[in-house]
Amino acid sequence: MNLFCVGLSHHTANVQTRERFAGSAGAEHTLRTAGCAEALVLATCNRVEVYGASEKRVSTDEIAQSLLQSSEVGDGGHTSGLPFYRYEAEKCVQHLFRVASGLDSMVVGETEILGQTKKAYQSARASGAVGPCLHRLFQRAFRVAKQVRTRTEITRGSVSVGSVAVDLAQKIFGELGNCKVLVLGAGETSERTARALISRGVNDLRVSNRSNDRGQELAQRVGGQAVQFDKWPQQCREIDILITSTSSETPLLTPTNLEPMLANRVDRPLFIIDIAVPRDVDPAVNEMEGVYLYDIDALRSVAEQSLAVRRQQIASAEAIIAEHVADFLEKVSSELNRVSRITGHPPVADSSLHASQL
Amino acid sequence: MDRYLLIISTICFLAAVVRTAIALRAGVFRPGRFNFLAIGLGFLFQTAFMSIRGHALGRCPLTNLFEVFIFLAWSVALIYMLVGPAYRLSLMGAFTAPLVVLLQGLALIAPIDVRHPVKVPANSSLEFHASVSLVAYGAFALACIAGVMYLVQDRQLKTHQLRSIFYHLPPLTDLFAAIIRLLWLGFILYTAGIASGFFTGQPLPRVQVVAAIAVWLLYAAILQGRYFRRIAPKRVAALCIIGFSAALTLLWGITFSAQTHSVP
């Protein structure tokens, strides 16, 4: 049985090429007709990959054609010249383990890919396209991904500005359900950050904008409450998180005007996310007790720190993967030898454990 | 024989310290079961030591500075085992183990395990007074450790330099709630300890009474400041560290003065 992986990803293909294969997740049936004994399609926004096992070699072109036929676009165009890669046997095992662990992702260490891989596996299994070969391979891949996540810091921290802000809010307040949030300025970034906070449990969200109409629109969109712009300073006495992104030329918050607002809230920290350029909050505010100020550069710097740590962890993750690849191949090999002893067929030599034996 | 148990216990705690230090150095600190197991094992050996020593003495092993230090280290480990699970157990262990190693190491190295020339008679109310007061010290020690954790996190948040350990610390507000609960626990136990000291039926040395009341006043002031003067959480965390350092110094004084008395 040949074990292989054919696909294209953000490494090899641009989004125009990748979107031609959108919706090809259900191509397993076509692939089986093309000669694959087992097939699984992993289709995400960054990659389209086919993992298959077949008695005879199925060409890359045949697989690409099967994918195109099943895609939503269904353009049925030429597949020649498309930047498909192909991994066989050991390389295929290694590639899947790297993909599931997030090492091959655009953002190294992201964990969404593991969920997508599991979903693809479940879907293929439900349709009967996964047999013992792929089942075993994918089960091991999930184990490897879990081990990489727990033994290394590859998933540490957040790597986007929005998620850094939300993570920090959780580090300060724990549960966000009781947090009161004020969004100052109805910009796109502040809306994204507000939405991210809502997704983590924030219930009380207030929006204040110079143009009251826009403020109300945003409040409606995110399920918050609009506040008149001249009333926002009073809100600072109550809120826990302030997201500010106004187009003000001068700082709206300085230690002098913030101090009286903090007088009765000594126990509760205030987390300020200043995503405005020029900044809405005087940097000296960060020196005040219980106030944590993060401007866009600070958020980016935290994201970069996390990314740097993730990159440092790649070597450790690769070592875990290499260990598992060797172990997986060895186990498959010894099993094949055991079967061959029982059936009387010639045993498989360790060194010859490649595509055909798998 | 009992000293060997104590050495093994110290090695267990030291293992937790070394593991944490290596992980932090490598920048890959991850809370795991190792610290909890190492501290749990160390706690068992501590308990075995105190049991043997107690049987030999025929009373609670609090007859000299050495035993006081060990009892204090045991109290710290006990409170950690009780409150640790609620506040990211293994990470608090990472901060607790160094304190226990310091206390036990000091007790083992310094020539302070001096046996009384005459056997100290058992006195249950006096033993209750001393042991409850030391368990209260254990709670104050944990409040101090939580204070260190708070300040570490506050510093990293302020400077925007988030190290590996930051991602494993409990949220600031949870940590502060833990500090306050530990302060209250320690304060209530300590009040009970001091109050019971007046019902031992023995005259109390003035130095001991003054030192004990000074520690009580210190923690009463922190709690009073917290509730009536609205001291900021960061200052409460810093005061927990200062308070415990002062209390430890006074404990030394109390115990020294008690060497001339029948019990510490």
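Numbering of residues begins from 1 in every chain and follows the order in which that chain's sequence is written. Ligands are numbered from 1 and chains lettered from A, in the order in which they are written. Local features in this predicted model are restricted to residues whose pLDDT is 70 or higher, and side-chain atom pairs enter the listing and the counts only when it is 80 or higher, whereas totals over whole chains, interfaces and linings include all residues.

Focus: the overall build of chain B
- Along its length, chain B carries eight helices and zero strands.
- Secondary structure counts use DSSP, requiring at least four H or I residues in a row for a helix and at least two E residues in a row for a strand, with both numbered from the N terminus. Sequence-ordered secondary structure for chain B, helices as α and strands as β, is α-α-α-α-α-α-α-α.
- Contact between two residues is assigned whenever their backbone-derived C-beta positions fall within 7 Å. Residue pairs in contact within chain B that sit at least 24 positions apart in sequence constitute 83% of those at least 6 positions apart.

Description of the overall build of chain A
- Of the regular secondary structure elements, chain A holds 13 helices and 10 strands.
- Relative to its length of 358 residues, chain A is extended, with a C-alpha radius of gyration of 26 Å against a globular reference of 21 Å.
- C-alpha atoms of chain A, sized along the principal axes, occupy 85 × 45 × 30 Å.
- Within chain A, counting contacts between residues at least 6 apart in sequence, those at least 24 apart form 68% of the total. Here the radius of gyration uses the C-alpha set of atoms, whereas the globule reference equals 2.2 Å times the residue count to the power 0.38.

Quick notes on the pairing of strand β1 (residues 2–9) of chain A
Residues and elements named next belong to chain A.
- In terms of residue burial, β1 counts as a mostly covered element, since eight of its eight residues are buried.
- Residues are called buried when their C-beta atom has 20 or more other C-beta atoms within 10 Å, exposed when it has 12 or fewer, and partly exposed otherwise; all C-beta atoms are positioned from the backbone. The two faces of β1 match: Asn2, Phe4, Val6 and Leu8 on one face and Leu3, Cys5, Gly7 and Ser9 on the other face are all buried.
- Bridge analysis of β1 against strand β3 (residues 47–54) gives eight bridges, and the strand direction is antiparallel. Looking across to β3, one finds that Phe4 is bridged to Gly52. When DSSP locates at least two bridges between a pair of strands, those strands are taken to pair.

A short note on helix α12 (residues 296–312) of chain A
Residue and element names in this part refer to chain A.
- Helix span, expected: 1.5 Å multiplied by one less than the number of residues in the helix. Taking 1.5 Å per residue, 17 residues should reach 24 Å; α12 reaches 24 Å between its end C-alpha atoms and fits that length.
- Every buried residue of α12 is accounted for by Ala298, Leu299, Val302, Ala303, Ser306, Val309 and Arg310. For α12, the buried positions fall inside an angular range of 140° around the axis, keeping them on one side. What points out from α12, more than 90 degrees from its buried face, is the exposed set Asp297, Ala308 and Arg311.
- Residues of α12 that are buried sit in contact with α7 (161–173) and β10 (291–295). It is the directions from the helix axis to the C-beta atoms that the arc portrays.

Here's the deal with unusual backbone geometry
Residues and elements named next belong to chain A.
- Along the chain, Val277 connects to Pro278 via a cis peptide bond; the corresponding omega equals 0°.
- With respect to the helices, strands and loops of the structure, Pro278 is situated in the loop between β9 (270–274) and β10.
- The residue Ala89 is not glycine, and still its phi comes out positive at about 45°.
- Relative to the elements of secondary structure, Ala89 occurs in helix α4 (residues 89–100).
- Overall, Ala89 belongs to the buried group, with 20 C-beta atoms counted inside 10 Å.

Thoughts on the interface of chain A and chain B
- Taken together, the contact between chain A and chain B spans 22 residues of the former and 16 residues of the latter.
- Contributing elements (two or more residues each) for the side of chain A that touches chain B: α7, β10 and α12 of chain A.
- Among the elements that take part in the side of chain A that touches chain B, α12 of chain A stands out by supplying five residues, more than any other.
- When its residues are assigned to classes, the side of chain A that touches chain B shows nine nonpolar, eight polar and five charged. Each residue receives one of three labels: charged for Asp, Glu, Lys and Arg, nonpolar for Ala, Val, Leu, Ile, Met, Phe, Trp, Tyr, Cys and Pro, and polar for the others, Gly being one of them.

Notes on the confidence of the model for chain B
- With 89% of its residues at a pLDDT of at least 70, chain B reaches an overall mean of 85.
- In the model output, the complex is listed with pTM 0.77 alongside ipTM 0.80. Confidence scores here are pLDDT values: one per residue, from the predictor, ranging 0 to 100.

A look at the pairing of strand β5 (residues 180–184) of chain A
Residue and element names in this part refer to chain A.
- Of all five residues in β5, four are buried, a share of seventy percent or more.
- Two strands pair when backbone bridges link them, and β5 and strand β6 (residues 204–208) are joined in this way by five bridges, in the parallel orientation. Opposite Leu182, over in β6, you have Arg206 as the bridge partner.
- Inspection of the sheet shows β5 paired to strand β8 (residues 241–244) by four bridges, in the parallel sense. Note that in β8 the partner of Val183 across the bridge is Ile243.

Description of the domain arrangement of chain A
- For chain A, the domain assignment lists domain 1 (2–156 + 313–352) and domain 2 (161–306).
- Spacing between the C-alpha centres of domain 1 of chain A and domain 2 of chain A amounts to 43 Å. All the domain ranges listed were derived from an automatic or database domain assignment.

Section: the nonpolar core
- By definition, a nonpolar core groups buried Ala, Val, Leu, Ile, Met, Phe, Trp, Tyr and Cys residues that are joined through C-beta atoms within 7 Å. With 128 residues, the main nonpolar core has Val181 of chain A together with Ile179 of chain B as its most contacted residues.
- It is helix α5 (residues 124–159) of chain B that contributes the most residues to this core, 18 residues altogether.
- Setting aside its immediate chain neighbours within four residues, Ile179 of chain B contacts Ala143, Ala146, Gly147, Tyr150, Val236, Ala237 and Cys240 of chain B.
- The next biggest cluster of nonpolar side chains, apart from the first, holds 53 residues, and it includes Ala89, Ala129, Leu134 and Val144 of chain A.

As for the environment of Ser54 of chain A
All names here are of chain A.
- Inspection of the secondary structure puts Ser54 in strand β3.
- Judged by C-beta crowding, with 20 C-beta atoms within 10 Å, Ser54 ranks as buried.
- A sequence separation of 221 residues divides Ser54 from Ile275, and the C-alpha atoms of the two residues are 53 Å apart.
- If sequence neighbours within four positions are ignored, Ser54 has contacts with Met1, Asn2, Gly35, Cys36 and Ala37.

Observations concerning the sheet that holds β9 of chain A
Residues and elements named next belong to chain A.
- Spatial strand order, β7-β6-β5-β8-β9-β10: six strands in an open sheet with parallel pairing. Here the strands that pair on one side only, and so sit at the sheet edges, are β7 (225–227) and β10. In this sheet, neighbouring strand axes are inclined to one another by 20° on average, regardless of whether the strands run parallel or antiparallel.
- Relative to β10, β9 runs parallel, the two being bridged by five bridges. What sits directly across from Asp274, in β10, is Asp295. Here an axis means a line fitted to C-alpha atoms, over the contact stretch when the element is a helix, while the angle between two N-to-C directions is reported on a 0 to 180 degree scale.

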